[in-house]
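Survey of secondary and tertiary structure
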Protein chains: 2
Amino acid sequence: MTDRRTLYHYSLCPFSRKVRLVLYEKGLPYAMIFETPWARRPEFLQLSPLGTVPVLIEPDGHALTDHVAICEYLNEIKPSPNLLGETPRGRAEVRRITNIFDGDFYMDVFKPLVGERVFKALKTGTAPNSNMIRVGRENLKRYLGYVDWLAARRSYLGGRNLSMADLTVSAHLSVLDYLGEISWDNYTDAKLWYAKIKSRPAFNSLLHDKLTGIMPSSTYANLDF
Amino acid sequence: MTDRRTLYHYSLCPFSRKVRLVLYEKGLPYAMIFETPWARRPEFLQLSPLGTVPVLIEPDGHALTDHVAICEYLNEIKPSPNLLGETPRGRAEVRRITNIFDGDFYMDVFKPLVGERVFKALKTGTAPNSNMIRVGRENLKRYLGYVDWLAARRSYLGGRNLSMADLTVSAHLSVLDYLGEISWDNYTDAKLWYAKIKSRPAFNSLLHDKLTGIMPSSTYANLDF
């Protein structure tokens with residue numbers, strides 16, 4: 001038995017990216033297995049009946065699914081650094097922001113934009129719906145505006161300290177950044193915040209991700225973008 | 001200052017229903033304000049910038065949004081009865097099931113079925129898309145099968161004790177039951193589990209909900225259905 005965990009992930013999956021960041025910030029060593037969820041490998045479906053990534057395999061072989069359950073679990077078994085906040089209201093605020101991005105942002109931006117631009121072709125080989133992509137890009141501006149608003153008022157998105165909110169939002173934005181979809185011009189505070197998160201050692205592994213056939217944007221791995 | 005909380009809710013919102021159940025099970029007294037979220041009342045948007053219900057107003061006036069953040073918060077400030085489970089892995093399992101219903105079930109069943117059948121008419125006055133409704137109904141069977149599978153193996157959906165998983169799943173199913181969309185015929189264990197949850201005092205307030213213009217199904221408030 002090893003104390004190393006194993007994470008089944010997909011590079012452009014924001015939820016996989018979030019768990020990678022949390023594992024690193026918690027100082028928990030892990031190995032990664034690249035999984036293409038829509039291939040629906042039988043062995044993978046044994047671990048994740050819904051076929052979703054990420055899946056975290058604990059050192060004793062126990063499999064955990066669902067990114068929210070995994071992140072809460074990791075914060076419980078390794079309380080330091082506390083990535084949820086020190087008080088019940090502080091944690092409610094961190095979870096609120098986290099869930100806006102895992103839920104609303106994912107539906108309003110990720111699905112129409114990345115879903116159409118990238119996953120539809122990968123999964124079905126059919127052409128993207130350009131109207132959906134346009135809707136996703138418009139929605140993205142609204143969320144960048146919200147990140148900018150938060151970043152102008154707080155050291156970190158959830159409050160004074162780094163939290164799950166920063167790791168979640170940056171995980172989502174990093175996928176769009178990989179695809180060259182983010183222009184920071186009108187979001188100075190958001191940009192400063194993202195530069196701060198991007199320069200953390202935890203982010204380094206994400207910045208070296210490369211997916212066959214989809215090259216990252218020219219500034220993706222650049223810390224001074 | 002009172003020790004009573006106030007919950008802004010919408011009757012057929014499963015997330016509002018979940019918070020109502022949690023407040024009751026926790027023994028926390030609360031008053032309710034019926035809010036139609038798509039009316040976008042300016043005073044309500046002050047409390048909930050995204051315009052979503054539920055919103056919980058704490059005795060000191062502090063407003064909390066996001067149903068997941070609210071439920072985690074309530075379990076923190078009132079730890080007994082513990083609705084998440086006793087161990088980190090137990091809590092991961094409860095959160096996993098909770099998130100399947102709040103996320104996947106909501107997208108696969110609630111949005112196509114209730115969204116088309118009820119909300120589209122209420123919000124826009126346009127006719128429902130019958131194909132979407134059919135898809136929602138087909139998906140519902142798959143989830144009822146999963147509830148049946150869990151209920152056959154465990155006293156409660158998340159394990160040996162009542163948890164957030166039971167309250168979440170029953171909150172979602174109760175909306176469909178109100179609309180007469182659930183036939184339990186092929187799901188004996190799911191039906192026994194639902195009868196057990198439905199007969200809890202916490203459920204009583206839900207069973208007396210009536211929405212103008214939309215009558216509940218004949219068995220909705222029946223404990224022996």
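Residues numbered from 1 in each chain as written. Chains lettered and ligands numbered in written order. Predicted model: local features only at pLDDT ≥ 70, side-chain atom pairs only at ≥ 80, totals over all residues. Heavy atoms only, no water.

1. Digging into the overall build of chain A
For chain A, the count of helices and strands is eight helices and four strands. Along chain A, helices and strands appear, N-terminal first, in the series β-α-β-α-β-β-α-α-α-α-α-α. Overall, the C-alpha framework of chain A stretches about 50 × 45 × 30 Å when taken along its three principal axes. Taking all 225 residues of chain A together, 54% fall into the buried category. Considering only contacts within chain A whose residues lie at least 6 apart along the sequence, 68% involve residues at least 24 apart. On chain A, roughly 9900 Å² of surface is accessible, and the fraction owed to carbon and sulfur atoms is 52%. The averaged location of the 24 negative side-chain charges in chain A is 2 Å from the averaged location of its 29 positive side-chain charges. (Helix = DSSP H or I, 4+ residues; strand = E, 2+ residues; numbered from the N terminus. Buried < 20%, exposed > 50% of the residue type's maximum accessible area, 1.4 Å probe, protein only. Contact = heavy atoms within 4.5 Å. Areas by Shrake-Rupley, 256 points an atom, 1.4 Å probe, with all protein chains shown as cover. Lys, Arg positive; Asp, Glu negative; His and termini not counted. Charge placed at Lys NZ, Arg CZ, Asp CG, Glu CD.)

2. Topic: empty space enclosed by the protein
A complete count under the given rule lists two cavities of 30 Å³ or more for this structure. Its volume calculated, the largest cavity comes out at about 110 Å³. Together, A:V68, A:E72, B:K18, B:V68, B:C71, B:E72, B:L84, B:R95, B:T98, B:N99, B:D102 and B:M164 line the largest cavity. Secondary structure elements with two or more residues in the lining of the largest cavity: α3 (67-77) of chain A together with α3 (67-77) and α4 (88-124) of chain B. A per-element tally of the lining of the largest cavity places α4(B) first, with four residues. In terms of residue class, the lining of the largest cavity is made up of five nonpolar, two polar and five charged. In this structure, the lining of the largest cavity is formed jointly by two domains, domain 1 (5-77) and domain 2 (88-207) of chain B, each of which donates at least three residues. (1 Å grid on protein atoms, 1.4 Å probe; cavity = no way out; pocket = protein on both sides within 12 Å on 5 of 7 lines; lining within 4 Å. Points joined across faces, edges and corners; volume = space filled by probe spheres on them. Nonpolar A, V, L, I, M, F, W, Y, C, P; charged D, E, K, R; others polar. Domains from an automatic or database assignment.)

3. Structural notes on the interface of chain B and chain A
Listed as interface residues are 23 residues of chain B and, on the opposing side, 23 residues of chain A. Summing both sides of the interface, chain B and chain A together bury roughly 2100 Å²; the carbon and sulfur share of this comes to 59%. By the criterion of area lost to chain A, the three top residues of chain B are B:E76, B:R89 and B:R95, representing 27% of everything that side buries. Between the two partners, chain B and chain A, sit ten salt bridges. (Buried area = accessible area lost by both parts, 1.4 Å probe. Salt bridge = Lys/Arg side-chain N within 4 Å of Asp/Glu carboxyl O.)

4. Here we look at the side chain of A:K26
Residues and elements named next belong to chain A. Secondary-structure assignment places K26 in the loop between α1 (14-25) and β2 (30-34). It is E25 that comes nearest to the buried, bridge-free K26 among opposite-charge side chains, at 9.3 Å. Polar side-chain contacts of K26 include one of 2.7 Å to the backbone oxygen of P81. Among residues more than four places away in sequence, those in contact with K26 are L74, N75, K78, P79, S80, P81, N82 and L83. (Polar contact = N/O pair within 3.5 Å; in protein donor to acceptor, adjacent residues only side chain to side chain.)

5. Brief notes about α3(B)
All names here are of chain B. Most of α3 sits inside the fold, with nine of its eleven residues counted as buried. Inspection of α3 places H67, V68, A69, I70, C71, E72, Y73, L74 and N75 among the buried residues, and these make up the whole buried set. For α3, the N-terminal cap is D66; the gap from its side-chain oxygen to the backbone nitrogen of V68 is 3.2 Å.

6. Brief notes about the packing of aromatic side chains
All names here are of chain A. The full count for this structure, using the stated rule, is 36 aromatic pairs over all chains. Taking 5.1 Å as the distance between ring centres and 15 degrees as the angle between the ring planes, the aromatic pair formed by Y106 and F110 counts as stacked. Separated by four residues within a single helix, Y106 and F110 lie in helix α4 (residues 88-124), roughly one turn from each other. Residue classification places Y106 among the partly exposed positions, given a relative accessible area of 22%. The exposure class of F110 is buried, given its relative accessible area of 3%. (Phe/Tyr/Trp six-rings, centres within 6.5 Å; stacked < 30°, edge-to-face > 60°.)

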